[in-house]
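Geometric and topological summary
Chain residues, written in single-letter form:
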Amino acid sequence: MLLAFSSPPFYTTYVHLPPEDDPTPSRIYHDPRYHPFFAHALGAADGSHITTAPPAEERGPSRNRKGGVSQNIFVTCTLDTLLFTYVLSGIEGSATDATVFQMAREADFRVPDGRYYLADAGYGFLDVLLVPYRGVRYHLAEWGRANVKPVNKEELFNLRHAKLQNTIERLFGILKKRFPILRSGCEYRMKYQVRLPPALCALHNFIRLHDPSEINDFIDIHEDPDRPPSTGELAQGPATRAERERANARRDYIATSMWNSYQEWARQAEEAQEMVL
């Protein structure tokens, strides 16, 4: 059954990248906080650690930064329907998110021209990813502790980016709550352990499509319990200097447009309040 769920035709029916002309997610399109600023986003992307039990001689490379033994997976998902659209598994737990992402690009991960995925600050400046500003609050937990409003374009961008990108953290949390074996691990041969994440992602999608209301059982799940640390060296990856400059300019343009819109909204809200008084 594991081989069936992680292979065509079942797997490719339920887990596949969106088409080039995939419309803007409705969560973005119908919300002025996100549209038109993130109109070209296809979904969210991130990595997660899945507990494994490799042979003793292979445990060194599989030991992650938390000291556990795991495989690092790279995943993308939709923003509206909580569906997985891409899964790359089997990378040793010591690998960085940027390394895993580069492996995905060299394998079969493709992003249409002009589109991108929302990713966290552990990834680099690339045409196919939109990442938050480093050195500025960008995780929702940081905003929750601060309990303040954004004071500049970088903070506003990071807050709204985090609210959208957090979709994939929640999805990882749901997946691991639905299938506890992903957290407890198993002692099958590694060639089977590697197939477990994609097989269970495909099963998750199958359930979402054929029993949509079942997701209400996970209403209290908000993030991945094994979320990798979001700090560390900024990944450069294989991107050229020109690509990094393009990605940085795109982010600045979005952040500036978003901040100008926010300032106008705040001004109108203040004027309306004065009229009431």
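Everything that follows concerns the structure shown earlier in this document.
Here's a quick rundown of the structure. Treat the numbers as computed from the prediction; the structure is a model and nothing was measured. (Residues numbered from 1 in each chain as written. Predicted model: local features only at pLDDT ≥ 70, side-chain atom pairs only at ≥ 80, totals over all residues. Heavy atoms only, no water.)

Focus: the overall build of the protein
Across its full length, the protein carries 11 helices and 5 strands. Expected size for 277 residues packed as a compact globule is a radius of gyration near 19 Å; at 20 Å, the protein falls within 12% of this value. Along the three orthogonal principal directions, the C-alpha set of the protein runs to about 70 × 45 × 40 Å. Evaluated residue by residue, the protein yields a buried proportion of 50% over its 277 residues. Of all intrachain contacts in the protein linking residues separated by at least 6 positions in sequence, the fraction that spans at least 24 positions is 71%. Of the accessible surface of the protein, which amounts to about 14000 Å², a share of 55% is contributed by carbon and sulfur atoms. (Helix = DSSP H or I, 4+ residues; strand = E, 2+ residues; numbered from the N terminus. Rg over C-alpha atoms; globule rule 2.2 N^0.38 Å. Buried < 20%, exposed > 50% of the residue type's maximum accessible area, 1.4 Å probe, protein only. Contact = heavy atoms within 4.5 Å. Areas by Shrake-Rupley, 256 points an atom, 1.4 Å probe, with all protein chains shown as cover.)

Here we look at the side chain of Ser7
Tracing the backbone through its elements, the reader meets Ser7 in the loop between α1 (2-5) and α2 (10-14). Of the residues examined, Ser7 reaches a relative accessible area of 18% and is grouped as buried. Of note is the side chain of Ser7, whose polar atom sits 2.6 Å from the backbone oxygen of Leu3. (Polar contact = N/O pair within 3.5 Å; in protein donor to acceptor, adjacent residues only side chain to side chain.)

With respect to the pattern of salt bridges
Side chains that differ in charge, positive against negative, can pair when their charged atoms come close. Inspection of the entire model under this criterion finds 6 salt bridges. With a shortest N-O distance of 3.2 Å, Arg241 and Glu245 are connected by a salt bridge. Placement of both Arg241 and Glu245 in helix α11 (residues 241-276) is noted, with a separation of 4 residues, approximately one turn of the helix. In this structure, Arg267 and Glu264 form a salt bridge, with 2.4 Å as the shortest nitrogen-oxygen distance. Linking Arg267 with Glu264, this pair stays in helix α11, spanning 3 residues, or about one helical turn. Accessibility expressed as a relative area gives 37% for Arg267, which makes it partly exposed. (Salt bridge = Lys/Arg side-chain N within 4 Å of Asp/Glu carboxyl O.)

Considerations on the nonpolar core
Core analysis: the largest hydrophobic core is formed by 48 residues, its most contacted members being Phe38, Leu118, Phe157 and Ile254. Among the elements of the structure, α2, β1 (41-51), β2 (70-77), β3 (84-92), β4 (116-118), α7 (153-178), α10 (196-210) and α11 are those that each provide at least two residues to this core. With sequence-adjacent residues up to four places away left out, Phe38 is seen in contact with Ile28, Tyr116, Leu118, Leu130, Phe157, Arg160, His161, Leu164, Ile254 and Met258. Counting residues in hydrophobic clusters, the runner-up holds 22 residues, among them Ile91, Tyr123, Leu129 and Val131. (Core = buried A, V, L, I, M, F, W, Y, C linked by side-chain atoms within 4.5 Å.)

Some words on α10
Here α10 spans 21 Å end to end across 15 residues, near enough to the 21 Å set by a 1.5 Å rise per residue. For α10, the full list of buried residues reads Leu196, Pro197, Pro198, Ala199, Leu200, Cys201, Ala202, Leu203, His204, Asn205 and Arg208. (Expected span 1.5 Å × (residues − 1).)

Points about the packing of α7 against α10
The N-to-C vectors of α7 and α10 enclose an angle of 100°; their axes lie 11 Å apart at closest approach. Looking at the two axes, α7 sits roughly perpendicular to α10. Contact residues: Leu171, Ile174, Leu175 and Arg178 in α7; Leu200, Cys201, His204 and Ile207 in α10. The class makeup of the residues in the contact of α7 with α10 is 6 nonpolar, 1 polar and 1 charged. (Axes fitted to C-alpha atoms, helices over the stretch in contact; angles between N-to-C directions. Parallel < 35°, antiparallel > 145°, perpendicular 65-115°, else oblique. Nonpolar A, V, L, I, M, F, W, Y, C, P; charged D, E, K, R; others polar.)

A closer look at the packing of aromatic side chains
Taken as a whole, this structure holds 17 aromatic pairs when the rule is applied. Seen in terms of ring centroids, Phe5 and Phe10 are 5.0 Å apart; in terms of plane orientation they differ by 55°. Their pairing is tilted. Neither Phe5 nor Phe10 differs from the other in exposure class; each is buried. With 6.4 Å between their ring centres and 45° between their planes, Tyr34 and Phe38 make a pair best called tilted. On the basis of relative accessible area, Tyr34 is assigned to the buried category, the value being 3%. (Phe/Tyr/Trp six-rings, centres within 6.5 Å; stacked < 30°, edge-to-face > 60°.)

A word on the sheet that holds β1
Read from one edge to the other, the open sheet built from 5 strands follows the order β3-β2-β1-β4-β5, with strand pairing classed as mixed. Each edge of the sheet is formed by a strand with only one pairing partner; in this case those strands are β3 and β5 (129-130). As paired strands, β4 and β5 are joined by 2 bridges and run parallel to one another. Residue pairing in the sheet places Tyr117 in a bridge with Leu129 of β5. Here α7 sits on the sheet and contacts β1, β2, β3, β4 and β5; the angle it forms with β1, its principal contact strand, is near 45°. Across the face of the sheet, α10 comes into contact with β1, β2 and β3 while running at roughly 160° to β3. (Pairing = 2+ DSSP bridges.)

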